[in-house]
Amino acid sequence: MTDITLDNHGIRLAASVHGPLDGEPILFLHGLSLSRDTWQEIAGRLKDRYRIWTLDFRGHGHSDRAPDYDLAAYVSDAKTALAAIGRPAVIVGHSLGGCVAGVLAQSGDANVRAAFLEDPPWYLGQPGEWEKSAFPKLFSIARARQAAWQQTHAPLSAYLAFVADTPTPMGGIGRDHYGPRHLLSHASALQRQDGRCWADGNVAGAVLAAIPTEREFLCPVRIVQADPGCGAAFLRDHEARLAYGNPRADIVRYEGCGHSPHRAIAFEQRFAADLQAFLSGLLSR
């Protein structure tokens, strides 16, 4: 693995690169309050065959803080990575990263070969949708705790206890569903994140409302949908909305799974297998 720095008009973005130089490139994009090392296990499964790129969005991980945290800004970060890759890539995005990947899949950009979207909050920026999800409560708690701890320079252990012991929409607490490495990764990401990324509690209006949900995807897209009863961002009626404008997009639901299949102990292997099958299908075309 090699860590590199990309320049997005003066904003330094941290990225890592794994795998053979001639491997098919994959760009991984994380969700809000996470960072690029959330993909460590998935990258490890793919790095022998594929050229793996992982990126920290602005205000996250080891990337610079920035004046703007709207959707266009995050999309520009991903485009900076695509320009560095320099050839058509598959984009894999979780949550916020899934929305960015979806927007890029609509763009017709020659460097976007396909997109694999992990439970994207694709419609949560539309009126009344955000309130149907578990995120208003979860984000409110995380934002308040983070602000207090960053103000007092709390140790990493405070963040780690929070992500490990907080109840989840899947039932139980964080440590029941995520392993020690992923809990540490999330704790570290929360400690580093710029609190302004929460958009003063209005992520739906300030970020997600800008998603052009009516546009068609112009490349192959598969969506992994978490269980709406376990804290999903892609809700039950969202399937029909997406199918109306994108009949070729493929949606796979993970029953009993929360918002982060790639991190969950019970679903990580299935997620990796589904991603590998998607990638193999592209290579066979």
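Below: a short report on this structure. (Residues numbered from 1 in each chain as written. Predicted model: local features only at pLDDT ≥ 70, side-chain atom pairs only at ≥ 80, totals over all residues. Heavy atoms only, no water.)

The next subject is the packing of aromatic side chains. To describe a pair of aromatic rings, one takes the distance between the centres and the angle between the planes. In this structure the tally under the stated criterion is 15 aromatic pairs. With 5.6 Å between their ring centres and 50 degrees between their planes, W122 and F217 make a pair best called tilted. Of this pair, W122 sits in the loop between β6 (112-118) and α4 (135-152) while F217 is found in the loop between α8 (203-206) and β7 (221-226), placing the two residues 95 residues apart along the sequence. Accessibility classification places W122 together with F217 in one group, the buried group. Among the aromatic side chains, those forming a connected cluster through ring pairs are F28, W39, F116, F271 and F278. (Phe/Tyr/Trp six-rings, centres within 6.5 Å; stacked < 30°, edge-to-face > 60°. Helix = DSSP H or I, 4+ residues; strand = E, 2+ residues; numbered from the N terminus. Buried < 20%, exposed > 50% of the residue type's maximum accessible area, 1.4 Å probe, protein only.)

The next subject is the sheet that holds strand β4 (residues 50-55). An order of β1-β2-β4-β3-β5-β6-β7-β8 is seen for the eight strands of this open sheet, with the pairing classed as mixed. On the outer flanks of this sheet lie β1 (2-8) and β8 (250-254), each paired with one strand and no other. Strand-to-strand twist across the sheet, computed as the mean angle between neighbouring axes with direction ignored, equals 20 degrees. Bridging between β7 and β8 involves five bridges; their strand directions are parallel. Looking at the pairing, V224 lines up with V252 of β8. Those strands touched by helix α3 (residues 96-106) are β3 (24-29), β5 (89-94), β6 and β7, and its axis lies near 145 degrees from that of β5. (Pairing = 2+ DSSP bridges. Axes fitted to C-alpha atoms, helices over the stretch in contact; angles between N-to-C directions. Contact = heavy atoms within 4.5 Å.)

Bridge analysis of β1 against strand β2 (residues 11-18) gives seven bridges, and the strand direction is antiparallel. Across the sheet, N8 pairs through a bridge with I11, a residue of β2. Linkage of β1 to β2, two consecutive antiparallel strands, is achieved through a turn of two residues, within which H9 is found at a positive phi near 50 degrees.

Judged by how many residues are buried, β6 sits mostly within the fold: six of seven residues are covered. Where β5 meets β6, six bridges bridge the pair, whose relative direction is parallel. Its bridge partner being in β6, G93 is matched across the sheet by L117. Between the parallel pair β5 and β6, the chain is carried across by α3, and the sense of this crossover is right-handed. (Right-handed = clockwise from strand over helix to strand, strands pointing away.)

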